[in-house]
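# Working through the structure, step by step
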Amino acid sequence: MPVETDRLAVDTLRFLAADMVQSASSGHPGMPMGAAPMAWTLWSRHLRHDPQAPGWADRDRFVLSAGHGSALLYGLLHTFGYDLPEAELRSFRQLGSRTPGHPEFGHTPGVECTTGPLGQGLAMAVGMALAERMANARYPEVTGHHTYAIVGDGCLMEGISHEAASFAGHLGLGRLVVLWDDNDITIDGGVDRSCGDDQPARFAACGWHTEAVVDGTDIDAIDQSITRAKSDPRPSFIAVRTVIGQGAPGVEGTAKAHGSPLGDALLAETKELAGWEHPPFTVPEPVREACAALAEAGARERAAWGEDFATFEAACPERAAKYRRAQERRLPDDLTPLLQVADAVPRATRQSSQACLDAARGMLPELVGGSADLSGSTGTAFGELVTRDDYAGTAIAFGIREFGMAAIMNGISLHGGFRVFGSTFLVFADYLRPALRLSALMGQPVIYVLTHDSIAVGEDGPTHQPVEHVESLRAIPGLQVLRPADTAETVEAWRLALKRTDGPTALILSRQSLPQLDGDDLDGDHPVSLEIVATGSEVSLATAVARGLRAEGHGVRVVSALDRSRYAPDPSVTSVSLEAGNTAGWRGIVDLAIGIDDFGDSGPGGEVMARHGFTADAVAARVRDYLDSAR
């Protein structure tokens, strides 16, 4: 590509970003202005994509992990011909626009994932790169793309970057290329105020190929580094030395360029120094023509892939049908093996969940997942292990990296072609919560298997006994929280989780063995004057309480609230909730909320439960006292 076109394209991206921020009187001009050369180099020379088909399965993926630089991404999408017209750039950060302050998946064509919470974009890119390798192992005829990411200093300071880098290096994800916008500036000032890490050495120690580009405006050097990275069997980390706010006198290279508009006078001066004489939001014709030609080349590549797929489908119709079904997230027609898991044997719901997974494995070859080093404890042992030498397995050893695990699962889900689950103890949901929140925000059907769900955990003590966690998860918009009471409900929970395609599900499972429920114990005699609603392990306790109260002449009904969001109390009867967790969410729904609003204790699980009032006698006494006081 002519040098003059490259220079003009880079300035186009720089000033589109600056114009967006100036128009909105809000945003981050510094990162786009400094990183525009590396972004243009990547998109004009390496990224394989078709703007007219942003969902093409074998496209290269691009993740802007430093999501505050969203104006750079919007400029790229606009100039390359995605459905993002100039009017949307002019509406940057405005209510209802397709150019929100940080990139949002599903909101803007061409945005691969929601970024802004720093570091998560890097981990999601790792998940996408892993999904590509797993898909290639299954369907090499139609899979072979790269994953690229641009990260910033903040991304690399976040702890999740260490988890993601370690995981990617361990699995040898050689089609992953990460470019570091090494501008040495954070919001508060120079990076040296808080961090002195040798980042390339860190990534090299994790098994990555590393490169350094000392001049972030040198397009040829960036191009050559990316080319070498693509040929290396390891994941690649390229440190590109940039200047934040490049070309803006008085603020370039300082924190002042990070998160504030340049102002009309400084922006005009910056454009004058660059020889930029175009009105705001202009894409010069040579740049439009160059990007249109690149987009046409991408369309030809997609068309060639379509021919490859047709050949594959003709030769292997059954495999092609499985590929299509997985891409469309359709379940098999016959779920009988899963539904036959239920039996009358008392067991922990984590064990019932393992039985569901065992049954699902044969039905859903696209189902993959694992745990944060707890597969035996969480009931998530799942087939052959995915390794750097063989990506065809279904079991992913995420290691003790809960946050990284959840963000990587998001990346796998976003990539498409797989349904993914991950597991840990419920109490450690706190470690992964920011990524679970993004699962919900992006509407990704990631399944979280969270076990050891109450103070009944016992001897491990209050550090491992969740009390506020179920309630805090229910507060996340779009997260389906299911706490089954026995094997039959666990089967139903898995069915609901697999059936859902527009958001995540958390399965809340017991450590201890639970009896299988009897419908007669739930329904009770009529007329009913008292309703006890419980979840999970407390449902069997509620049935024991109900039997005692019925013997005293009370009409009692027990409700198992697998999904509390679907529970509606009967206003004609007294309602009591029973759950071994925080009661905040139950208060206002029921008349009497019985739970635990303190931490647990270390000791045998049954004794800990008894100490906190979770016995049939103690609960019945609470109910009687309430009924007496209400008379």
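Figured I'd write up the structure that's included with this text.

## Let's talk about the pairing of strand S10 (residues 419–425)
- Counting buried positions along S10 yields seven of seven residues, so the element is predominantly enclosed.
- With five bridges connecting them, strand S8 (residues 367–371) and S10 associate as parallel partners. Each residue of the ladder has a partner; that of Val 368, found in S10, is Val 420.
- In this sheet, strand S11 (residues 447–451) lies alongside S10 in parallel orientation, the contact comprising five bridges. Its bridge partner lying in S11, Gly 422 is registered against Tyr 448.
- Assessed by its sense of winding, the connection that carries the chain from S10 through helix H17 (residues 429–442) to S11 is right-handed.

## Quick look at the sheet that holds strand S14 (residues 530–534)
- The parallel open sheet is built from four strands, whose spatial order is S15-S14-S16-S17. The sheet terminates laterally at strand S15 (556–560) and strand S17 (592–594), the two strands that pair on one side only. Strand-to-strand twist across the sheet, computed as the mean angle between neighbouring axes with direction ignored, equals 20 degrees.
- By the bridge criterion, three bridges tie strand S16 (residues 574–578) to S17 in an arrangement that is parallel. Each residue of the ladder has a partner; that of Ser 577, found in S17, is Ala 593.
- Taken strand by strand, helix H21 (residues 538–551) contacts S14, S15 and S16, and its axis lies near 175 degrees from that of S15.

## Re the sheet that holds S11
- What the six strands build is an open sheet, ordered S9-S8-S10-S11-S13-S12; its pairing is parallel. Looking at strand neighbours, the two that pair on one side only are strand S9 (395–397) and strand S12 (480–482), the edges of this open sheet. Recorded for the sheet is a direction-independent mean angle of 20 degrees between the axes of neighbouring strands.
- In the packing of helix H16 (residues 402–415) onto the sheet, the strands contacted are S8, S9, S10 and S11, and the crossing angle to S10 comes to about 170 degrees.

Conventions and cut-offs
Residues numbered from 1 in each chain as written. Predicted model: local features only at pLDDT ≥ 70, side-chain atom pairs only at ≥ 80, totals over all residues. Heavy atoms only, no water. Buried < 20%, exposed > 50% of the residue type's maximum accessible area, 1.4 Å probe, protein only. Helix = DSSP H or I, 4+ residues; strand = E, 2+ residues; numbered from the N terminus. Pairing = 2+ DSSP bridges. Right-handed = clockwise from strand over helix to strand, strands pointing away. Axes fitted to C-alpha atoms, helices over the stretch in contact; angles between N-to-C directions. Contact = heavy atoms within 4.5 Å.

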